[in-house]
Every structure is written in C-alpha cells, then in structure tokens.
Amino acid sequence: MTAKPAAAAARATVYGYPRQGQNRELKKAIEGYWKGRVDADTLRRTAAELRRGTWQQLAEAGVHEVPTGDFSYYDHVLDTSVMVGAVPERHREAVRTDALDGYFAMARGTQDVAPLEMTKWFDTNYHYLVPELGPYTVFTADSAKQVAELKEALALGHTPRPVLVGPVTYLLLAKAAPGVAADFEPLTLLDRLLPVYAEVLADLRAAGAEWVQLDEPALVQDRTPAELNAVARSYRELGGLTDRPKLLVASYFGRLGEALAVLAKSPVEGLALDFTESGAGNLADLAAAGGLPGKRLVAGVVNGRNIWINDYEKSLATLGTLLGLADHVDVSASSSLLHVPLDAEAEHGIDPQIARWLAFAKQKTQEIVVLARGLSGGTDAITAELAANRADLASRADAVITRDPAVRARTAAITDADGRRSQPYAERTVAQRAHLGLPLLPTTTIGSFPQTTELRTARADLRAGRIDEPGYEERIKDEIREVLSFQEKAGIDVLVHGEPERNDMVQYFAEQLAGYLATQHGWVQSYGTRYVRPPVLAGDISRPEPMTVRWTTYAQSLTERPVKGMLTGPVTMLAWSFVRDDQPLGETARQVALALRDEVHDLEANGTSVIQVDEPALRETLPLRAAEHAAYLEWATESFRLATSGVRPDTQIHTHMCYAEFGDIVQAIDDLDADVISLEAARSHMQVARELAAHGYPREAGPGVYDIHSPRIPSAEEAAALLRKGLEAIPAERLWVNPDCGLKTRGWPETRASLENLVAAARELRAELPTEAS
C-alpha cells in the first residue's frame with residue numbers, strides 16, 4: 001500500500017548526535033588538556049572540527065535541519081548551568097579566573113573543591129552533573145556557547161536548530177545545594193529562570209535561529225498537577241514572547257502522558273514525540289487530544305537508543321497516521337543519537353549477516369532520511385530500500401543465534417526455590433563472620449584498580465601479535481601481585497585482584513558468553529571523557545566455560561585475606577549492552593542469570609568466600625512511569641537472586657550500585673537479599689545511608705567515602721567525617737568502608753593516597769567506638 005504523500009515535503013532531522021568523533025578525538029584532546037599536553041586553543045579547534053564534521057555528514061545524508069548546541073566538552077546539563085549562571089559559590093572564583101578550567105572544576109573537582117554531584121540521565125547509562133540550587137540562587141544569561149555554535153553552522157551553509165535543556169526539566173533535575181534545607185524545591189525558582197531563557201532565545205533569534213529546540217524529557221515521568229501547571233506557565237510565557245525563534249518542545253524516552261495536552265494548548269510552534277516502543281501510547285494520546293492543528297510534529301519513529309535496524313513498513317504506517325494529526329510531520333529518531341555508536345560500517349569483525357541488522361548513528365540518520373522520503377513521496381519512492389529492509393528483518397528472525405533450545409529449556413525449568421538462599425540473612429551473617437573473621441568497619445574496594453598505560457599496551461600487543469599469550473599472562477600476574485601487595489600493606493581487609501585482564505565490566509563477560517557480540521569501535525559516552533563499548537546481545541545466552549575463576553583463584557593463592565570474586569549482574573549486563581528487542585527483557589535477564597549462577601558456583605567451589613555481583617544499573621533501568629515499576633523490579637530482583645542464591649550460608653554475597661537516585665528502590669535493594677551492598681555516597685553526603693536507615697534495611701552496607709570520579713584525594717579527616725555520618729544511620733556492625741566505585745579510571749598515586757586515607761579513617765572510627773561495639 002502506498003503511503004499518502006504529505007502536503008509539504010517531510011523533513012529529516014535529529015535531536016542530537018554523538019560528540020566524540022570516529023576515533024574519540026574529543027576524549028583525547030580533553031584528557032591531553034588536563035595533562036598539559038594540549039593547550040586551550042588546540043582543544044577548541046579539535047571541538048570545532050568535530051562539530052563541522054558532524055554537520056557536514058548529516059547534511060550530506062539528507063538531513064534538512066542540523067542540531068547545534070548539543071555538543072559538549074563534558075555534559076549538556078552542566079552547559080545549561082553555565083548558560084543560566086547557576087555556578088556554585090565554591091566554583092565561582094575558578095570560573096572567573098578561567099572559564100574553561102572553571103567548567104572542568106565543576107565537572108571533576110579540584111584537590112580543594114568538590115565537584116557537582118553526578119547521576120544517571122533518566123533511564124540511560126549517560127551521567128549528568130546535577131545542578132545545585134537554593135532560595136538564594138540568582139540566574140544570569142550567558143548564551144555565548146549556544147550563539148557561537150549557531151553562527152558556526154550558519155557560516156557553513158547549514159540550517160541549524162539550537163538545542164537547549166528546557167527550563168522545567170532543568171529545575172526538576174536540580175537538587176538543593178549543600179547547606180540548603182533538604183525539602184527545598186528547585187521548581188520554585190521557575191519565575192526567576194524564565195526571563196533568562198527569554199534572553200537566551202532573543203540572543204539566538206538575533207544570531208539567525210529560525211527554530212530552537214527545548215528538551216523536556218522530564219515530562220515523560222509522572223508529574224504532579226503543580227508541575228504540569230509549571231509546564232503550562234513556562235510555555236505560555238516563552239511562547240508569548242515577541243522576540244524569539246519558533247519553539248520545538250521535545251520529549252523522549254517515553255510516553256508524554258498528561259503533559260501532552262498541556263503542550264498542545266501552549267503557544268509553541270512544534271512538538272517532538274517518541275513513537276517507538278518506549279513511547280507506546282503517544283499516538284493514541286495525540287489522537288485523543290485532537291492532534292496538533294497549526295503545529296509542527298517531529299515524529300521519533302527510529303529508536304535512538306538501540307542499534308537494531310528500523311522496520312520501515314511499521315514506521316511508515318505510524319507516520320501515515322500522524323499525517324492527519326498535525327499540520328506538518330517531520331521524521332527523526334526517538335531521542336538524541338548520543339546514546340548509540342557512530343558508524344556500524346566501521347565494524348569489520350562481525351558476521352556480515354548480523355551486520356545487516358545493525359544501525360548506529362550514521363545508519364539511523366540514513367533510515368530517517370529514507371522514511372522522510374517515503375512519507376513525502378509514498379512507498380514507490382523507496383521501493384528498493386523497503387525490499388532490502390524486509391530481507392534484513394527476515395534474516396534476523398530466522399537466524400540460528402536467536403534461539404538455543406537448551407537455554408530455553410533451562411529457563412523454563414526455573415522454580416521459586418532457585419531464587420532463594422538456604423538460610424535467612426540473620427543466620428547467614430553469623431556463619432560469615434565466623435568464617436571470614438573481619439573487624440568492625442571492614443575495608444574493601446569495589447573491584448577494579450587503575451588500568452595503566454602498560455596494561456592497555458599489553459592488551460594491544462596481544463591483539464597485534466607483538467606478544468604471545470604466555471607473555472601477556474605473565475604481565476597480568478605481575479599486576480595482580482602488585483595490587484594485592486599494595487592492599488595488604490595498606491591494611492585493606494577484603495581484597496580484590498584489580499581486574500587487570502578486563503577491558504570493561506560488561507564487555508569482558510560478553511566476550512565469553514554465547515549469544516553476545518563485541519564491537520571494535522562502538523564507543524558511547526558514559527560521562528565526561530569516559531566512553532564504553534556496549535556489547536550487542538543478539539541471541540540466547542549461555543556460558544561455555546568459566547570466565548573469572550582462574551584469575552580469582554590465582555589471586556587468592558597469594559594471600560591469607562579473602563579475595564572477592566567479581567561479576568557483573570544480569571540487569572547491568574542487559575542495561576549496558578544493546579539488548580535484543582525481540583523478546584521480553586525478563587526472559588533475557590533469566591538467561592544471563594543462569595550463566596552467572598554457574599560462574600558463582602565455580603568460584604565458590606574453588607575457594608572464593610566473598611563474591612560480588614555488581615548491579616549499578618538496577619536503578620537506571622527503572623521505568624520512568626511508576627505504574628511500570630513493579631513488573632520491572634520483579635524480574636530484575638528475581639534475576640539477581642537466581643544468579644546468587646545457590647551458595648552456602650557462609651559464602652558472602654556482595655553487590656554494588658553507583659550514581660543513581662536510590663530512594664525509590666530501597667525495597668528492591670532489600671529484595672535482592674545480598675549480604676552486603678556498596679553504594680555511591682560521597683558526593684551526595686551519605687544521603688543513601690539515611691535512605692537505607694529510613695527503610696529499615698537489615699543487612700550490611702558500604703556507602704562510599706571516596707569519590708572516584710574526581711582526581712582529588714580525600715583526606716583521612718574527610719573520609720572519617722563521612723563515616724561518622726554513615727554511623728548515624730547504619731550501626732557499626734553492619735557498616736563497611738569503601739570507595740564509591742571502581743578505580744579503573746584513576747591513577748596509581750591518587751589511588752594509593754586515597755585508599756591509605758580511607759583505611760586510616762576506618763581505624764580512627766574503630767578506636768572511637770564503645771568497647772562493647774569494638
């Protein structure tokens with residue numbers, strides 16, 4: 001059936017694009033600047049070249065309107081804080097002295113000044129810098145970055161659309177600044193913030209912007225009537241301005257819900273909505289609201305967060321329906337393409353059949369352009385593309401990798417007993433204390449130690465054939481011995497082997513599990529200059545052979561102290577991969593959990609008494625709507641218990657979570673039934689410890705006292721002060737002492753000093769405890 005042509009040609013556009021460059025040129029330039037090897041002008045030139053290359057690529061692909069302002073040295077929310085003048089008092093002098101260094105100080109901190117808190121961007125693995133606001137906050141407009149990038153694009157002959165974080169989302173993402181009452185609501189500052197946005201919009205209009213995109217992803221979450229009133233007031237005021245560009249309000253990551261009617265009635269010229277599976281309901285809601293008469297609709301029909309090819313026929317059917325609901329329909333991805341790698345064509349090590357199923361940012365851009373052509377000219381205009389798309393979709397559906405009968409039989413045989421420990425925690429903890437013999441306030445680390453240049457070189461040399469496998473293994477053994485020796489000398493109680501053999505906490509396991517595929521160049525930004533290569537979960541999952549037992553057992557042979565076995569949990573294995581979209585997530589999680597269960601069993605059988613199964617993504621993957629929480633948490637916690645419940649009572653199970661808001665999943669943390677949990681707490685000043693206490697969490701916990709995402713070295717006094725806060729919430733017999741997260745990205749000098757201070761703080765606090773406690 002031929003799609004009805006639109007009254008005016010549909011345009012192709014994107015909300016945002018990956019920033020790093022094909023070879024992570026931005027990462028290298030920024031880190032070079034931090035180390036003094038690259039000057040500020042060189043860094044700025046590199047950034048400008050990357051922006052120019054992105055816009056040119058988009059234009060050549062057929063994108064009619066390119067985003068500007070989405071580029072960032074570190075984080076777009078931090079850029080927004082700079083744009084509205086929300087610089088914390090402790091950073092103002094640094095910003096006044098040197099804007100670029102001050103910007104990085106807010107992101108990373110300095111030895112004397114703590115950075116902004118960092119947490120997950122909605123339900124993604126991207127991290128943003130949390131704005132700190134208070135009743136005293138005075139906003140001031142600074143549109144220099146946004147105007148400069150707009151002018152760059154205009155000078156190159158492009159049609160640009162500046163992208164800003166919307167005012168309501170910005171305030172909803174913010175927190176009360178240190179020293180401000182915890183019940184302070186940043187949204188109360190809306191009337192101060194809107195004039196600043198008005199000034200920025202006027203500046204962009206004067207610089208030549210026809211449209212400006214205001215991102216409001218917070219509106220796909222449950223919002224109160226007061227928050228919806230704030231949305232109405234914001235866009236009534238901004239839409240009513242006379243000196244402004246046209247406004248496109250963009251939502252993504254889900255169904256807009258109650259906010260759709262509010263925005264549809266506002267005097268803005270366009271809305272952008274998610275029409276992929278994550279935005280299920282937007283189509284019906286739009287029809288129920290009477291459509292968008294007189295407005296532009298940007299339809300996100302290509303999944304901006306996963307890497308599977310689009311189903312053209314399904315997308316065209318959706319687009320055809322939308323033609324009757326808005327004056328003009330354009331085509332885009334469901335979100336910024338920041339969340340996917342750059343180019344699938346760079347992957348030469350993937351089976352050519354499977355490669356046909358993959359679409360990274362470049363391929364998604366091409367899909368958007370094809371769909372815009374099909375919407376404008378009917379399906380006859382894209383006959384060849386439709387035929388190729390049908391063939392590729394059929395190839396994936398029929399592939400052997402997607403269905404393993406043995407795996408499916410095993411998951412079908414799971415019983416409730418498989419997900420329960422043989423004894424309750426109160427009994428297990430007695431056995432574990434007797435077995436491990438640990439002091440009060442035991443010290444440990446989260447798992448990884450610095451990945452040095454030498455380690456990365458050794459891996460590269462092995463891949464290139466410059467060293468053989470035995471030579472590489474000797475290098476790994478040397479590193480493990482060094483890491484263990486340091487920990488013993490520092491006085492750490494529960495040791496780790498440091499993970500020198502691992503490239504990434506998900507990729508390492510994915511490379512050893514059947515059903516996963518690894519990429520060579522599939523880099524995605526996690527935070528700042530930290531990029532990861534999410535593996536591709538393409539088929540049914542199983543473990544052909546042990547993955548960690550050899551190195552963990554080797555490490556344990558070198559010491560009398562317990563060495564933790566380190567695994568990545570099933571939810572995180574899904575969340576930090578590009579997961580298959582052809583079956584329910586819970587079913588995939590159970591497959592991964594059974595593979596990990598085998599690994600846990602083998603670790604225990606080989607003498608490992610402490611096993612940590614990390615689930616940092618448990619909170620991040622929580623659906624954005626409360627109505628969907630229960631179903632998700634049921635399979636998420638079940639999969640963790642399935643992976644960990646087959647051990648003896650005296651084997652201690654740890655888990656770890658970092659950089660997320662934990663308050664609304666404390667019950668789920670409890671339901672994991674782990675013996676010990678370690679969590680991020682340094683930047684949030686032990687907030688999570690208070691949340692655990694308020695819930696009555698009955699097990700052991702290690703709220704972090706060392707922020708590893710900053711190069712600064714916390715003093716022993718600083719760590720001790722945080723521990724005292726922790727002891728206000730968690731009794732000494734259940735409190736652990738540890739960093740916030742793994743130490744992979746840190747250097748050895750700061751790691752040594754910070755961990756020595758951490759141990760000194762633990763000893764100081766032990767000495768302060770009452771005699772009966774200690």
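Trainee: Would you explain helix α19 (residues 469-490) in this entry?
Mentor: Side chains of residues three or four places apart in an α-helix project in the same direction, reflecting 3.6 residues per turn. Counted at 1.5 Å a residue, the expected span for α19 with its 22 residues is 32 Å, and the 32 Å between its end C-alpha atoms agrees. Those residues of α19 that sit buried are Tyr472, Glu473, Ile476, Glu479, Ile480, Val483, Leu484, Phe486, Gln487 and Ala490. Looking straight down α19, one finds its buried side chains confined to an arc of 160°; they lie on one side. Along α19, the residues that are exposed and aim more than 90 degrees away from the buried face are Pro470 and Lys489.

Trainee: I keep staring at the packing of helix α18 (residues 453-464) against α19 and nothing clicks. Help me out?
Mentor: Two elements in contact, α18 and α19, have axes separated by 10 Å at closest approach and are oriented at 165°. Relative to α19, the element α18 lies roughly antiparallel. Of the two possible hands of crossing, α18 and α19 adopt the one that is left-handed. Counted together, Glu454, Leu455, Ala458, Arg459 and Leu462 of α18 and Glu469, Tyr472, Arg475, Ile476 and Glu479 of α19 form the full contact between these two elements. In terms of residue class, the contact of α18 with α19 is made up of 5 nonpolar, no polar and 5 charged.

Trainee: What exactly am I supposed to notice about unusual backbone geometry here?
Mentor: You will see that Arg24, though not glycine, has its phi angle at about 55°, which is positive. Here Arg24 lies in the segment before α1 (25-34). Given the relative accessible area of 19%, Arg24 is considered buried. The backbone phi angle of Leu441 is positive, close to 50°, even though this residue is not glycine. For Leu441, the position within the fold is in the loop between α17 (425-436) and α18.

Trainee: How should I be thinking about the sheet that holds strand β20 (residues 700-703) in this particular structure?
Mentor: Note: strands within a sheet are paired through backbone hydrogen bonds, in either parallel or antiparallel orientation. With parallel pairing, the 5 strands of this open sheet are ordered in space as β16-β17-β18-β19-β20. In this open sheet, the two edge strands, each paired with only one partner strand, are β16 (564-568) and β20. Taken pair by pair, the neighbouring strands of this sheet meet at an average axis angle of 20°, ignoring direction. As judged from the 5 bridges shared by β16 and strand β17 (residues 610-614), these two strands associate in the parallel manner. Within β17, the position partnered with Leu567 by the bridge is Val613. On the sheet, α17 packs against β17, β18 (652-657) and β20 and is oriented at approximately 70° with respect to β20.

Trainee: How should I be thinking about the sheet that holds strand β5 (residues 160-165) in this particular structure?
Mentor: With parallel pairing, 7 strands are arranged side by side in an open sheet as β1-β5-β7-β8-β9-β10-β11. Edge strands, defined here as strands with exactly one partner in the open sheet, are β1 (66-68) and β11 (326-333). The sheet shows a mean angle of 30° between the axes of neighbouring strands, taken without regard to direction. Where β1 and β5 come together, 3 bridges link them in parallel fashion. Each bridged residue has a counterpart across the sheet, and for Val66 the counterpart in β5 is Pro160.

Trainee: Any chance you could explain the packing of aromatic side chains here in plain terms?
Mentor: Geometrically, a pair of aromatic rings is defined through the distance of the ring centres and the angle of the planes. Going through the model one piece at a time under the given rule, you end up with 17 aromatic pairs. Pairing Tyr632 with Trp635 gives two aromatic rings, centres 5.2 Å apart and planes at 90°, and the pair type is edge-to-face. Here Tyr632 and its partner Trp635 are both found in helix α24 (residues 629-644), 3 residues apart, which amounts to about one turn of the helix. Owing to a relative accessible area of 15%, Trp635 belongs among the buried residues under this scheme.

Basis of the calculations
Numbering of residues starts from 1 in every chain and runs along the sequence as written. Confidence filtering applies because this is a predicted model: local features only for residues at pLDDT of at least 70, side-chain atom pairs given and counted only at 80 or more, and all residues used for totals across whole chains, interfaces and linings. Heavy atoms from the whole structure form the basis of all side-chain values; hydrogens and water molecules are not counted. In DSSP terms, a helix is any run of H or I states spanning at least four residues, a strand is any run of E spanning at least two, and both are numbered starting from the N terminus. A helix's residues, less one, multiplied by 1.5 Å, set its expected span. Three labels apply to residues, based on accessible area from a 1.4 Å probe with only protein chains included: buried if under 20% of the type maximum, exposed if over 50%, partly exposed otherwise in between. Think of it as the arc spanned by the lines of direction from the helix axis to the C-beta atoms. For helices, the fitted line uses only the C-alpha atoms of the stretch in contact; every axis is such a line through C-alpha atoms, and the angle between N-to-C directions lies from 0 to 180 degrees. Oblique is the label for any angle not covered by the other classes, which are roughly parallel (under 35 degrees), roughly antiparallel (over 145) and roughly perpendicular (65 to 115). For any pair of crossing helices, the crossing counts as left-handed if the nearer helix is rotated counterclockwise from the farther one by less than a right angle, and right-handed if it is rotated clockwise. Throughout, a contact is declared for two residues whenever any of their heavy atoms are within 4.5 Å. Under the convention adopted here, Pro, Cys and the residues Ala, Val, Leu, Ile, Met, Phe, Trp and Tyr are nonpolar, Asp, Glu, Lys and Arg are charged, and Gly plus all remaining residues are polar. The criterion for strand pairing is that DSSP finds at least two bridges linking the strands in question. Between 30 and 60 degrees the pair is tilted, below 30 it is stacked and above 60 it is edge-to-face, where a pair is any two Phe, Tyr or Trp rings, Trp via its six-membered ring, whose centres lie within 6.5 Å.

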